[in-house]
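# Chain and residue survey
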Amino acid sequence: TVLAFREALRDVPDARLEMYGVIEDPAYYAEVCAQVSRLGLGDKVWVNGPLDNVPELLASATVFAMPSASEAYSIAFLEALAAGVPGVASAIPAF
């Protein structure tokens, strides 16, 4: 996700990436944070845990990305669609 975002910055230099959610794998979380730092994207990328103000966050979003390779029916993705936020997702089987 961070590498793809770095590429997107070439076309949209004022974009920002905010990631939210339960941190299920602390080692993965640490690696994502380290990658953001290595790429010099600390001013463009925020890696956050879960928050309870989802409607407020979605109201300020331009697009919602769901880069999961396995989560076909994400509640977060459905919340974004319900809020009218355009979404980008991986093409994976439903079941």
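As the structure is a computational prediction, the values presented were derived from the model and not from experiment.

## Describing the overall build of the chain
Check the secondary structure of the chain and you find 4 helices and 4 strands. Helices (α) and strands (β) of the chain occur, in sequence order from the N terminus, as α-β-α-β-α-β-α-β. A compact globule built from 95 residues should have a C-alpha radius of gyration of about 12 Å, and the chain, at 14 Å, falls within 12% of that. Out of the 95 residues belonging to the chain, those deemed buried represent 23%. Counted over contacts in the chain with a minimum sequence separation of 6, partners at least 24 positions apart contribute 50%. When the accessible surface of the chain is totalled, it reaches about 6,700 Å², and 59% of it is carbon and sulfur.

## Quick notes on the side chain of Ser74
With respect to the element layout, Ser74 can be found in the loop between strand S3 (64–66) and helix H4 (75–82). A polar side-chain atom of Ser74 sits 3.2 Å from the main-chain amide nitrogen of Ala76.

## Thoughts on the pattern of salt bridges
Tallying each qualifying case throughout the model produces 4 salt bridges. Ionic pairing is found between Arg16 and Glu18, a salt bridge with its closest N-O pair at 2.4 Å. You can call Arg16 partly exposed: its relative accessible area is 48%. Shared partners join several salt bridges into a network, and the residues in it are Arg6, Glu7 and Arg10.

## Concerning a nonpolar patch on the surface
Together, Ile75, Leu78 and Leu81 make up an exposed nonpolar region whose accessible area comes to about 290 Å². Note that Leu78 resides in helix H4. What makes Leu78 partly exposed here is its relative accessible area of 44%.

## Side note on the environment of Ala15
Along the chain, the position of Ala15 falls in the loop between helix H1 (2–11) and strand S1 (17–19). Exposure remark for Ala15: the relative accessible area of 19% places this residue in the buried category. Residues Ala15 and Thr62, spaced 47 residues apart in sequence, show a C-alpha to C-alpha distance of 9.6 Å. Excluding anything up to four places from it in sequence, Ala15 contacts Phe5, Leu9 and Lys44.

## Here we look at the environment of Arg6
When you line up the elements, Arg6 lands in helix H1. Note: C-alpha distance between Arg6 and Asp25 (19 residues apart in sequence) is 23 Å. If we ignore the near neighbours within four places in the chain, the residues touching Arg6 are Leu39 and Leu41.

Calculation rules
Residues numbered from 1 in each chain as written. Predicted model: local features only at pLDDT ≥ 70, side-chain atom pairs only at ≥ 80, totals over all residues. Heavy atoms only, no water. Helix = DSSP H or I, 4+ residues; strand = E, 2+ residues; numbered from the N terminus. Rg over C-alpha atoms; globule rule 2.2 N^0.38 Å. Buried < 20%, exposed > 50% of the residue type's maximum accessible area, 1.4 Å probe, protein only. Contact = heavy atoms within 4.5 Å. Areas by Shrake-Rupley, 256 points an atom, 1.4 Å probe, with all protein chains shown as cover. Polar contact = N/O pair within 3.5 Å; in protein donor to acceptor, adjacent residues only side chain to side chain. Salt bridge = Lys/Arg side-chain N within 4 Å of Asp/Glu carboxyl O. Patch = residues over 30% accessible without salt bridge, like charges linked within 9 Å, V, L, I, M, F, W, Y side chains within 5 Å.

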